[in-house]
Amino acid sequence: MPFFSFERTVPLPLDEAWRRLTEWPRHGDVVPLTRITVVTPAPTREGTRFVARSGLGPLSFNDPMEVTVWHPPVDDEPGLCRLEKRGRIVLGWVEIEVRPGPGGRARVVWREELRVRLLPRFFDGVVERTSRAVFGRAVNRLLRRA
């Protein structure tokens, strides 16, 4: 299963970086050809489920996810959110960690393991590089927007 991770340091307090990264519908604003629907009532917590619908027309697919770890940052203590991908096409998990960085900034660590069912392992490198680029840009945009 392809695994990738990246880090960002941003001039935001921990709670604001966390908020920007865990407002699930906002991900649909920054991930190309994707719409997010939260299917459980607010607020987000362990057990929250949402679906990312990606693609165009008949080439679209659902990527259902569930929050399995939800520990928002408190004061200067790091926050951690883990999502399990529960789809028929996309499997794996995502961890979003927000922790104190230098100079009062927030340090974001994104870790993801991703497998596209029926796609031969030969394509793992392409999936890893493409995913790192797409999600890296998406996180950049989420962290820049209020």
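Every chain is numbered independently, its residues counted from 1 as its sequence is written. Two thresholds apply to this predicted model, a pLDDT of at least 70 for residue-level local features and 80 or more for giving and counting side-chain atom pairs, whereas whole-chain, interface and lining totals are computed over all residues. The basis for every side-chain value is the complete set of non-hydrogen atoms in the structure, without hydrogens or water.

## Concerning the pattern of salt bridges
Spelled out, the test is: Definition used for salt bridges: Asp or Glu carboxyl oxygen within 4 Å of a side-chain nitrogen of Lys or Arg. Elements are defined by DSSP. Helices are runs of H or I of four residues or more, strands are runs of E of two residues or more, and each kind is numbered from the N terminus. To sort residues, take the accessible area from a 1.4 Å probe on protein chains only and compare it with the maximum for the residue type: under 20% means buried, over 50% means exposed, and anything in between is partly exposed.
Applying the stated criterion across every chain yields a total of 15 salt bridges. One salt bridge connects arginine 107 with glutamate 7, and the closest N-O pair in it is separated by 2.6 Å. On the criterion of sequence distance, the pair formed by arginine 107 in strand E7 (residues 106-116) and glutamate 7 in strand E1 (residues 3-10) is long-range, its members being 100 residues apart. With relative accessibility at 37%, the residue glutamate 7 sits in the partly exposed group. Several salt bridges share partner residues, and in doing so they unite Glu16, Arg19, Arg20, Glu23 and Arg26 into one network.

## Quick word on helix H3 (residues 124-144)
The following threshold applies: What a helix is expected to span follows from its residue count: subtract one and scale by 1.5 Å. Note on contacts: a residue pair is in contact if any heavy atoms of the two residues lie within 4.5 Å.
The terminal C-alpha atoms of H3, which comprises 21 residues, lie 30 Å apart, in line with the 30 Å expected from a rise of 1.5 Å per residue. Taken together, the buried positions of H3 are occupied by Val127, Glu128, Ser131, Gly136, Ala138, Val139, Leu142 and Leu143. Each element contacted by the buried residues of H3 is listed here: E1, helix H1 (14-22), helix H2 (24-30) and E7.

## Concerning the environment of arginine 26
Here is the rule we go by: Here a polar contact means two N or O atoms within 3.5 Å. Within protein one must be a hydrogen donor candidate and the other an acceptor candidate, and residues neighboring in sequence count only if both atoms are side-chain atoms.
With respect to the helices and strands, the residue arginine 26 is situated in helix H2. A residue is classified by how much of its surface remains accessible, and arginine 26, at 12% relative accessible area, is buried. In sequence terms arginine 26 and aspartate 124 are 98 residues apart; their C-alpha atoms lie 27 Å from each other. Setting aside anything within four residues of it in sequence, one finds arginine 26 in contact with Arg20, Leu142, Arg145 and Ala146. At 3.5 Å, the side chain of arginine 26 and the backbone oxygen of leucine 142 are in polar contact.

## Regarding the pairing of strand E4 (residues 61-71)
Formally: By the convention used here, strands pair only if DSSP detects at least 2 bridges between them.
As paired elements, strand E3 (residues 49-54) and E4 share six bridges and run antiparallel to each other. The residue of E4 that forms the bridge with arginine 49 is glutamate 66. Here six bridges tie E4 to strand E5 (residues 79-86), and the two strands are oriented antiparallel to one another. By the bridge assignment, histidine 71 is partnered in E5 with leucine 80.

## Thoughts on the packing of aromatic side chains
Cut-off, in case you're wondering: To pair, rings of Phe, Tyr and Trp, with the six-membered ring standing in for Trp, must have centres within 6.5 Å; the planes then decide the type, stacked if under 30 degrees apart, edge-to-face if over 60, and tilted in the middle.
All chains considered together, the criterion is met by seven aromatic pairs. Aromatic side chains phenylalanine 3 and tryptophan 93 sit 6.0 Å apart centroid to centroid with 45° between the ring planes, which places their arrangement in the tilted category. In this pair, phenylalanine 3 sits in strand E1 while tryptophan 93 sits in strand E6 (residues 90-100), placing the two residues 90 residues apart along the sequence. On the accessibility criterion, phenylalanine 3 (40% relative accessible area) is partly exposed. Taking the centre distance of 6.1 Å and the plane angle of 20° together, the rings of tryptophan 110 and phenylalanine 135 count as stacked. In this pair, tryptophan 110 sits in strand E7 while phenylalanine 135 sits in helix H3, placing the two residues 25 residues apart along the sequence. Residue classification places tryptophan 110 among the buried positions, given a relative accessible area of 4%.

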